[in-house]
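# Coordinate inspection notes
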Amino acid sequence: VSLVGFARLYLGAHWLSDIVGGMLLGIVWLLVLGIAYRRHVERSFWMRPVALVFYTTFALAALWHAPRAVDPLLARFAPDPPDRVLSARGWWDHDWQSLPAHLRERDPAHRWPLDVQVAGPLAPLQARLEAAGWRTQPQADWSAALTLLDDDVPPQAQPVLAATLDAVSETLLMRRDLDARHAEVLRLWRAPARLDDGSELWFGTSQAMTHTRPFDLFGLWLPQSDARAVHVGVRDLLRGFEWREDPHPQSGVPTLRLRTIPGDSAPPP
């Protein structure tokens with residue numbers, strides 16, 4: 001019940017007052033049933049077989065229902081296309097500065113700079129990075145996440161866990177393993193705006209990752225604070241595309257703007 005309440009609150013399906021009120025109502029109803037059971041019910045048969053049948057049936061029904069219901073349920077909470085529209089020329093020149101500069105802005109100690117913005121389809125960018133030794137990592141499901149607990153699985157085979165922006169995981173997660181304990185990652189989300197020429201708009205972050213084992217219990221890829229070398233490496237791989245780079249006024253971090261299809265501006269020399 002606590003997990004369901006947290007999920008509804010996290011996805012914006014209910015207000016906190018709705019969750020608290022529902023839980024209080026359920027607790028009161030449970031107390032009424034418990035008092036009535038203890039005062040009036042006399043057991044005339046053995047409860048264990050009935051309980052075993054009930055919980056077995058519940059577990060089988062949950063195992064059958066959950067995999068079929070999770071995707072349609074999550075689709076209901078998928079964010080709508082952004083209402084904000086930017087001109088393609090305006091974004092290229094100055095409107096890119098109005099997009100967020102950080103992920104997790106409420107936690108200054110763990111802010112991730114959003115240092116990449118992409119206009120156009122992601123397939124050309126993905127192909128260019130794959131040709132340079134990067135690979136696309138699918139979103140880690142529960143079975144992939146369990147490999148973090150397996151000492152026999154090498155770090156290169158353990159997934160980099162997804163990150164969320166406004167409760168949505170990244171659309172594209174690319175990684176390049178440097179050695180057993182170090183990797184480079186590029187995460188891209190759909191931007192909270194779209195361009196007037198019909199081009200898709202994305203933004204994200206480049207990160208340096210280190211594999212750690214907290215309390216020697218499980219493996220975990222954690223981002224490092226300094227990812228400038230990763231950003232420069234990604235930028236250098238993208239020569240041939242139209243790109244510009246300027247410090248974001250909110251963070252001061254150099255932010256790469258990239259077009260994956262030709263625009264009306266020439267690339268820098």
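Just so we're clear, the structure is a prediction, and the values are computed from it rather than from any experiment.

## Section: a nonpolar patch on the surface
Taken together, the side chains of Leu 9, Leu 16, Val 20, Leu 24, Ile 27, Leu 31 and Ile 35 make up a nonpolar region of the molecular surface, amounting to roughly 650 Å² of accessible area. With 6 residues, the single largest contributor to the nonpolar patch is helix α2 (residues 16-40). Along the chain, Ile 35 falls in helix α2.

## Some words on the nonpolar core
Among the nonpolar cores identified, the biggest contains 19 residues, and Val 118, Leu 125 and Leu 188 are the most heavily contacted of them. Looking at this core, the elements with two or more residues in it are β4 (116-119), α5 (123-131), β8 (172-177), β9 (182-190), β11 (201-212), α7 (228-237) and β14 (254-259). When residues no more than four places from it in sequence are discounted, the contact partners of Leu 188 are Val 116, Val 118, Leu 122, Leu 125, Glu 170, Thr 171, Leu 172, Phe 203 and Gly 204. Counting 17 residues, the second-largest nonpolar core is a separate cluster that includes Leu 86, Trp 112, Leu 114 and Ala 119.

## Let's talk about the packing of aromatic side chains
Applying the stated rule across the entire model yields 4 aromatic pairs. With 6.5 Å between their ring centres and 20° between their planes, Phe 54 and Phe 58 make a pair best called stacked. Residue Phe 54 and its partner Phe 58 are both found in helix α3 (residues 47-76); the two are separated by 4 residues, about one turn of the helix. Pair check on accessibility: Phe 54 and Phe 58 agree, each one exposed. Ring geometry for Trp 91 versus Trp 92: centroids 5.8 Å apart, planes at 50°, classification tilted. For the pair Trp 91 and Trp 92, a shared accessibility class is recorded, and that class is buried. In textbook terms, an aromatic cluster arises when at least three aromatic residues are bridged by ring pairs, as seen for Phe 54, Tyr 55 and Phe 58. Its end group placed over the ring of Trp 92, Arg 257 keeps NZ or CZ at 5.9 Å from the ring centre. Above the ring of Trp 92, the side-chain terminus of Arg 259 is found at 4.2 Å from the ring centroid.

## Here's the deal with the pattern of salt bridges
According to the stated counting rule, one finds 15 salt bridges in the structure shown. For the salt bridge of Asp 177 with Arg 175, the shortest nitrogen-to-oxygen distance reads 2.8 Å. Judged by relative accessible area, Asp 177 falls into the partly exposed class, the value being 25%. A relative accessible area of 1% means that Arg 175 is categorised as buried. A salt bridge links Arg 190 to Glu 200; the shortest N-O distance between them is 3.7 Å. Pair noted here: Arg 190 is in strand β9 and Glu 200 is in the loop between β10 (194-195) and β11, with a separation of 10 residues, a long-range link. Overall, the relative accessible area of 43% leaves Arg 190 in the partly exposed class. Judged by its relative accessible area of 32%, Glu 200 is partly exposed. Ionic contacts of the salt-bridge type, sharing partners, join the residues Arg 228, Arg 235, Asp 236, Arg 239 and Glu 245 into one network.

## Some details on unusual backbone geometry
Of note, Phe 215 is a non-glycine position whose phi angle comes to about 55°, a positive value. The topology assignment puts Phe 215 in the loop between β11 and β12 (220-223).

Calculation criteria
Residues numbered from 1 in each chain as written. Predicted model: local features only at pLDDT ≥ 70, side-chain atom pairs only at ≥ 80, totals over all residues. Heavy atoms only, no water. Patch = residues over 30% accessible without salt bridge, like charges linked within 9 Å, V, L, I, M, F, W, Y side chains within 5 Å. Areas by Shrake-Rupley, 256 points an atom, 1.4 Å probe, with all protein chains shown as cover. Salt bridge = Lys/Arg side-chain N within 4 Å of Asp/Glu carboxyl O. Helix = DSSP H or I, 4+ residues; strand = E, 2+ residues; numbered from the N terminus. Core = buried A, V, L, I, M, F, W, Y, C linked by side-chain atoms within 4.5 Å. Buried < 20%, exposed > 50% of the residue type's maximum accessible area, 1.4 Å probe, protein only. Contact = heavy atoms within 4.5 Å. Phe/Tyr/Trp six-rings, centres within 6.5 Å; stacked < 30°, edge-to-face > 60°. Lys NZ or Arg CZ within 6 Å of the ring centre and 35° of its normal.

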